[in-house]
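Each chain, letter by letter, is given below.
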Amino acid sequence: MGQDTGRNDKARDNRLDALETRLKVALEEGPDRRARQGAEKRERSRSEGIAWRVSTELVASFLVCGLVGWWVDEWADTRPFALIVGLLLGGVVGIRNVYRVARDMTRDAEGKEDT
């Protein structure tokens, strides 16, 4: 029994030493590492949000303008002229929106560099 208690004490001491070493490393890295990780996470989330916005705007512009074109075709019996015009218009509107988002991102990036 004495040997088991000695082994347990030694194992506990080893675990405590390892924990103490990890704590020292964490304290040396400090809040700077956490701040960096938080900033990276926010930037990644922002980038993903912009990507979703751009893709949603492209798809929505095609769908809305295409549906309006289809509706005009049904109403005026001009198949497929208005649908094609609607899809082309949807593409133009979608690309314009993507351009606006890219322009805003560029302005934001330039503003961050100045500060």
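Described below are features of the structure shown in this document. (Residues numbered from 1 in each chain as written. Predicted model: local features only at pLDDT ≥ 70, side-chain atom pairs only at ≥ 80, totals over all residues. Heavy atoms only, no water.)

**What about a nonpolar patch on the surface?**
Basically, it comes down to this: For patches, a residue must show more than 30% relative accessible area and have no salt bridge; joins then use 9 Å for like charges and 5 Å for nonpolar side chains, namely Val, Leu, Ile, Met, Phe, Trp and Tyr. Shrake-Rupley sampling with a 1.4 Å probe provides the accessible areas, and residues are treated as covered by the protein chains on show and by no other component. Salt bridges are counted wherever a side-chain nitrogen of Lys or Arg sits within 4 Å of a carboxyl oxygen of Asp or Glu. Comment: elements are numbered from the N terminus, with helices defined as DSSP H or I runs of at least four residues and strands as E runs of at least two. Think of it in three bands: with a 1.4 Å probe and only protein chains considered, a residue is buried below 20% of the maximum accessible area for its type, exposed above 50%, and partly exposed in between.
Taken together, Leu67, Trp70, Trp71 and Trp75 make up a surface patch of nonpolar side chains, about 580 Å² in accessible area. Following the sequence through the fold, leucine 67 ends up in helix H1 (residues 2-76). The class of leucine 67 is exposed, set by a relative accessible area of 54%.

**A few points about the side chain of aspartate 73**
As a reminder of what qualifies: Residues counted as positive are Lys and Arg, residues counted as negative are Asp and Glu, and His and the chain ends are not counted. Residues count as neighbours in contact if any of their non-hydrogen atoms are within 4.5 Å of one another.
Here aspartate 73 lies in helix H1. Buried and without a salt bridge, aspartate 73 has arginine 79 as its closest oppositely charged side chain, separated by 6.4 Å. Among all residues touching aspartate 73, those that are not within four sequence positions of it are Thr78, Arg79, Pro80, Phe81, Ala82 and Leu83.

**Notes on unusual backbone geometry**
Apart from glycine, the bulk of residues carry a negative phi angle, and the bulk of peptide bonds sit in the trans form. A cis geometry characterises the amide bond from arginine 79 onward to proline 80, with omega recorded as -20°. If you trace the backbone, proline 80 turns up in the loop between H1 and helix H2 (81-114). Positive phi is not limited to glycine here, since aspartate 77 has a value of about 55°. Tracing the backbone shows aspartate 77 in the loop between H1 and H2.

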